[in-house]
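Here is how the chains run, residue by residue.
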Amino acid sequence: MAKPEHRTELSGITFLPESRRVEVAPGESVLSAAWKGGVGIKSVCGGRGKCGSCLIEVEDDQASALSPSTEEERALLPPGGDARFRLACRAHVQGEACVSIPPESQALRSAPRKPYTVTRVALAPHVKRVSLEIEGAYAKPMRPLAERIGEALARAGAPARIIPTAVLADYSLEKGFDAATQVSATFAGKRLAGLRRGTHRGLYGVAVDVGTTSMVMFLCDLQTGEIAGLRTAANPQAAYGEDVIARMTHVQEDVAALAKLQSLLVDEINRLVAEAADEAGIDLVDIADAVVVGNPTMQHILLRINPEPIGRGPYLPVLADGVEVEAASLGLRLGPGAPVFVLPMPAGYIGGDTLAAVLTRGPAFYRGTHLLVDIGTNGEVVLAKDGVLTATSCATGPVYEGAHIRCGVRAAPGAIERVWADPDGSLRWAAIPPVGERDKRPFGLCGSGVISIVKALVEAGSLGSDGGFVTTGAHAHVRTEAATGVPEALLVEGRKTRTGRDIVFTQQDVRSVQLGKAALRAGIEILLRDQGVKELDRIYLAGTFGNHLAPGDIVAIGLVPPVPVERIESIGNAAGDGARMALFNRHERRRVRKLAENMRVIELSHRADFQDLFIACTELSAVPADQLEAR
């Protein structure tokens with residue numbers, strides 16, 4: 001007799017403001033439910049109860065639907081003891097529940113601002129389309145279709161006449177395929193990638209920049225060199241942690257997580273491509289090529305390669321070479337046989353995105369001494385001295401994305417992005433303007449605002465160069481937090497914010513900025529010392545964050561070496577620009593491989609002088625390089 005099935009009674013949890021309901025088993029965490037339902041909740045530590053970023057709000061009548069809070073959880077909650085707030089990773093579902101995700105905890109709240117540079121690239125795409133005249137089946141002597149197609153390829157001067165079985169099989173699914181006399185053949189290099197009935201003129205490709213936090217997709221016309229569509233989005237993997245280490249940890253704990261992370265990434269790329277193609281009136285089968293850039297972890301995950309070795313010494317990638325694979329093998333929905341070129345990875349933390357950024361620099365970059373800096377969850381730095389490239393990567397942490405900051409948020413409408421100190425010492429601020437929203441109240445500080453407020457507080461005399469608050473004297477915005485007795489700066493009162501809570505900048509926030517800033521600056525100084533550089537001709541700031549930094553702010557707090565601000569240039573999303581260059585011109589793919597071969601990478605953990613430099617660089621001032629060693 002068969003044993004009766006024991007069915008687990010499921011509970012439902014509804015997430016506001018999206019009103020999305022997700023069914024979960026009793027005892028499952030709210031964060032796990034959010035992951036299942038595709039609900040974006042910020043989770044810097046990846047759900048391990050370490051960061052306090054996955055804040056949710058629960059009404060009093062719903063409190064019993066979640067497990068009681070623990071002392072460890074309460075220590076990470078906002079001060080004040082408001083029982084409505086819980087951590088999604090530590091609150092477990094016990095019954096039907098409804099929770100709200102406050103603005104500062106919404107991981108996928110809005111697409112990030114990803115600029116691009118309008119550049120013209122000489123067209124020499126990797127893919128081409130050839131029109132074929134196919135003889136009929138009764139032409140003498142009578143021959144199989146594959147043979148007739150091969151002869152047509154030869155007559156058209158095509159790169160090759162070998163027809164892969166998979167290509168022929170796909171073509172055989174088209175109605176009337178064997179009777180067609182006009183056929184379009186698409187080649188990827190010398191490989192026949194696809195056959196289609198009729199004459200098709202459109203030829204498109206996609207370039208994708210996959211960042212840890214955000215991503216951008218360019219749909220490009222390979223015959224005109226124009227951008228036919230553009231889409232941006234947050235990286236959906238953020239639900240598994242804000243940084244690459246958190247995501248590696250998930251794979252380490254459960255290798256099946258690799259497939260989930262890859263699926264999230266591929267599904268989002270497919271969505272972006274489909275939306276852009278639909279808007280532009282482009283058939284997906286006419287998208288014949290793709291280039292993807294990202295940091296090594298993102299590139300490994302896309303290729304379904306376990307990135308775990310990158311997270312431990314000697315921090316080496318599993319695969320360093322640039323590779324070309326078929327889009328379908330990754331789950332990408334593009335044209336039949338479309339290739340995907342993934343850029344090389346010179347080191348465990350120097351990936352295709354860094355190489356793509358270097359690719360955008362012209363001949364002037366290789367004359368004199370230039371520094372390219374991409375500041376994000378990791379900071380990548382490339383020094384070009386008389387044509388010699390030296391690079392390193394610095395673990396700056398997610399502080400510049402607004403994480404590990406009490407009121408830190410992503411760069412979105414309502415996030416404070418600039419802070420000034422008036423001559424009287426008072427603070428003023430500006431937020432990212434709302435788009436189609438009436439509510440202009442701020443709800444937190446994004447990365448550029450974090451840097452800006454540090455500079456403003458130092459300028460106002462509220463912060464010493466050692467990062468400590470100056471509590472003596474008249475600083476109206478400096479107060480002592482009641483719960484901890486630690487000083488903090490009040491920027492916006494709760495009655496004027498979207499969350500109803502004060503926007504403050506705490507002593508711990510200052511220390512987080514100092515740690516990230518010191519790691520980046522120490523890495524820069526090691527590159528300069530290694531190459532004997534005393535003065536820089538120019539500093540280029542790449543990436544979303546770098547594009548919105550005020551040069552005066554980063555020089556004032558010592559994030560970069562003290563150079564005249566006119567020598568600092570923001571170059572936008574250089575990784576995306578470089579990806580497009582490799583899409584439009586196949587010769588750029590050879591050039592980027594050569595860049596990877598010739599780039600020397602310095603691993604900071606192997607440098608005996610890094611720790612002393614790191615400590616010296618915590619100072620919030622424009623300290624010249626030659627004075628750092630003495631401090």
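Residues numbered from 1 in each chain as written. Predicted model: local features only at pLDDT ≥ 70, side-chain atom pairs only at ≥ 80, totals over all residues. Heavy atoms only, no water.

A word on the sheet that holds strand β10 (residues 214–221)
Consideration 1: Strand order across the open sheet formed by six strands is β11-β10-β9-β12-β14-β13, with mixed pairing between neighbours. For this open sheet the edge positions go to β11 (227–234) and β13 (323–326), each flanked by a neighbour on one side alone. With strand direction ignored, the average angle separating the axes of adjacent strands in the sheet is 20 degrees.
Consideration 2: Here seven bridges tie β10 to β11, and the two strands are oriented antiparallel to one another. By the bridge assignment for β11, M215 is matched with A233.
Consideration 3: Where helix α15 (residues 586–598) meets the sheet, it contacts β12 (287–294), β13 and β14 (339–342), and its direction lies at approximately 30 degrees from that of β14. (Pairing = 2+ DSSP bridges. Helix = DSSP H or I, 4+ residues; strand = E, 2+ residues; numbered from the N terminus. Axes fitted to C-alpha atoms, helices over the stretch in contact; angles between N-to-C directions. Contact = heavy atoms within 4.5 Å.)

Brief notes about the packing of helix α5 (residues 244–253) against helix α6 (residues 256–280)
Consideration 1: Across the interface, α5 lies against α6 with an axial gap of 6 Å and an inter-helix angle of 135 degrees. The pairing of α5 with α6 is recorded here as oblique in orientation. Residue-level contacts link R247, H250 and V251 of α5 to A257, L258 and L261 of α6.
Consideration 2: Taken together, the residues of the contact of α5 with α6 break down into four nonpolar, one polar and one charged. (Parallel < 35°, antiparallel > 145°, perpendicular 65-115°, else oblique. Nonpolar A, V, L, I, M, F, W, Y, C, P; charged D, E, K, R; others polar.)

With respect to the side chain of D286
Consideration 1: Mapped onto the elements, D286 comes out in the loop between α6 and β12.
Consideration 2: A relative accessible area of 11% means that D286 is categorised as buried.
Consideration 3: In this structure the side chain of D286 is engaged in a polar contact, spanning 3.2 Å, whose partner is the side chain of R129.
Consideration 4: Non-local contacts of D286, meaning those with residues more than four positions away in its chain, are made with R129, R196, H200, G202, L203 and Y204. (Buried < 20%, exposed > 50% of the residue type's maximum accessible area, 1.4 Å probe, protein only. Polar contact = N/O pair within 3.5 Å; in protein donor to acceptor, adjacent residues only side chain to side chain.)

Some points on helix α1 (residues 30–37)
Consideration 1: Counting buried positions over the eight residues of α1 gives seven, a clear majority of the element.
Consideration 2: Of the positions making up α1, those classed as buried are V30, L31, S32, A33, A34, W35 and G37.
Consideration 3: On the buried face of α1, the contacting elements are β1 (11–16), β2 (20–24), β3 (55–58), β5 (97–100) and α5.
Consideration 4: Just downstream of α1 lies G38, where phi reads positive at about 70 degrees.

Points about the domain arrangement of the chain
Consideration 1: Along its sequence, the chain is organised into domain 1 (4–105), domain 2 (127–197), domain 3 (204–350), domain 4 (353–396 + 517–627) and domain 5 (399–512).
Consideration 2: Put simply, the middle of domain 2 and the middle of domain 5, counted by C-alpha atoms, are 64 Å apart. (Domains from an automatic or database assignment.)

Observations regarding the packing of helix α9 (residues 352–359) against α15
Consideration 1: At their nearest, the axes of α9 and α15 sit 10 Å apart, and the two run at 115 degrees to each other. It follows from the interaxial angle that α9 and α15 lie roughly perpendicular. Once α9 is placed against α15, the crossing between them reads as right-handed. When α9 is examined against α15, the residues L355, V358 and L359 are found in contact with a partner set consisting of E588, R591, V592, L595 and A596.
Consideration 2: Looking at side-chain class alone, the contact of α9 with α15 contains six nonpolar, no polar and two charged residues. (Left-handed = near helix turned anticlockwise from the far one by under 90°.)

Details of the pattern of salt bridges
Consideration 1: Scanning the entire structure with this criterion turns up 33 salt bridges.
Consideration 2: The salt bridge involving R479 is made with E488; its shortest N-O contact spans 2.9 Å.
Consideration 3: Residue classification places R479 among the partly exposed positions, given a relative accessible area of 30%.
Consideration 4: Using a relative accessible area of 3% as the deciding quantity, one classes E488 as buried.
Consideration 5: A salt bridge links R607 to D609; the shortest N-O distance between them is 3.0 Å.
Consideration 6: For R607, a relative accessible area of 24% translates into the label partly exposed.
Consideration 7: Because the salt bridges share partners, they merge into one network encompassing R231, E268, R271, E275 and E279. (Salt bridge = Lys/Arg side-chain N within 4 Å of Asp/Glu carboxyl O.)

Some points on the sheet that holds strand β26 (residues 600–601)
Consideration 1: If you walk across this open sheet you meet the six strands as β25-β24-β15-β16-β17-β26, and the pairing is mixed. Pairing within the sheet leaves two strands with one partner each, and these edge strands are β25 (568–570) and β26.
Consideration 2: Here strand β24 (residues 538–542) runs beside β25; their pairing, made up of three bridges, is parallel. Opposite L541, over in β25, you have S570 as the bridge partner.

Structural notes on the environment of V216
Consideration 1: Along the chain, the position of V216 falls in strand β10.
Consideration 2: With 359 residues separating them in the primary sequence, V216 and A575 have C-alpha atoms 9.9 Å apart.

Considering the packing of aromatic side chains
Working definition: an aromatic ring pair is given by the centre-to-centre distance plus the angle between the planes.
Consideration 1: This model, assessed by the stated rule, comprises five aromatic pairs.
Consideration 2: Arranged with centres 6.5 Å apart and planes meeting at 55 degrees, the rings of Y315 and Y349 form a pair that is tilted. Note that Y315 is positioned in the loop between α7 (296–302) and β13 and Y349 in the loop between β14 and α9, a separation of 34 residues in sequence.
Consideration 3: Assessed through its relative accessible area of 29%, Y315 is described here as partly exposed.
Consideration 4: Among the residues examined, Y349 registers a relative accessible area of 17% and is labelled buried.
Consideration 5: On the numbers, 5.3 Å between centres and 90 degrees between planes, the contact of F365 with Y366 is edge-to-face.
Consideration 6: For F365, a relative accessible area of 2% corresponds to the buried category.
Consideration 7: In this structure an aromatic cluster arises from ring pairing among F365, Y366 and Y540.
Consideration 8: When the ring centre of Y540 is taken as reference, the NZ or CZ atom of R361 above it lies at 4.9 Å.
Consideration 9: The ring of F218 carries R580 above its face, with NZ or CZ at 4.5 Å from the centroid. (Phe/Tyr/Trp six-rings, centres within 6.5 Å; stacked < 30°, edge-to-face > 60°. Lys NZ or Arg CZ within 6 Å of the ring centre and 35° of its normal.)

A word on unusual backbone geometry
Consideration 1: The omega torsion of the bond from L16 to P17 falls at 15 degrees, within 30 degrees of zero and hence cis.
Consideration 2: For P17, the position within the fold is in the loop between β1 and β2.
Consideration 3: Cis peptide bonds are those with omega within 30 degrees of zero, and the linkage from G313 to P314 qualifies with 5 degrees.
Consideration 4: Within the fold, P314 resides in the loop between α7 and β13.
Consideration 5: Positive phi, close to 60 degrees, is recorded for Y315, a residue that is not glycine.
Consideration 6: With a phi angle near 50 degrees, D386 is a residue other than glycine that sits in the positive phi range.
Consideration 7: Of note, D386 is situated in the loop between β16 (379–385) and β17 (388–394).
Consideration 8: The class of D386 is exposed, set by a relative accessible area of 56%.

Concerning the state of the cysteines
Consideration 1: Applying the stated criterion to the full structure yields zero disulfides.
Consideration 2: The thiol of C89 is not disulfide-bonded; the next cysteine sulfur, from C54, is found 3.7 Å away.
Consideration 3: The class of C89 is buried, set by a relative accessible area of 5%. (Disulfide = S-S within 2.5 Å.)

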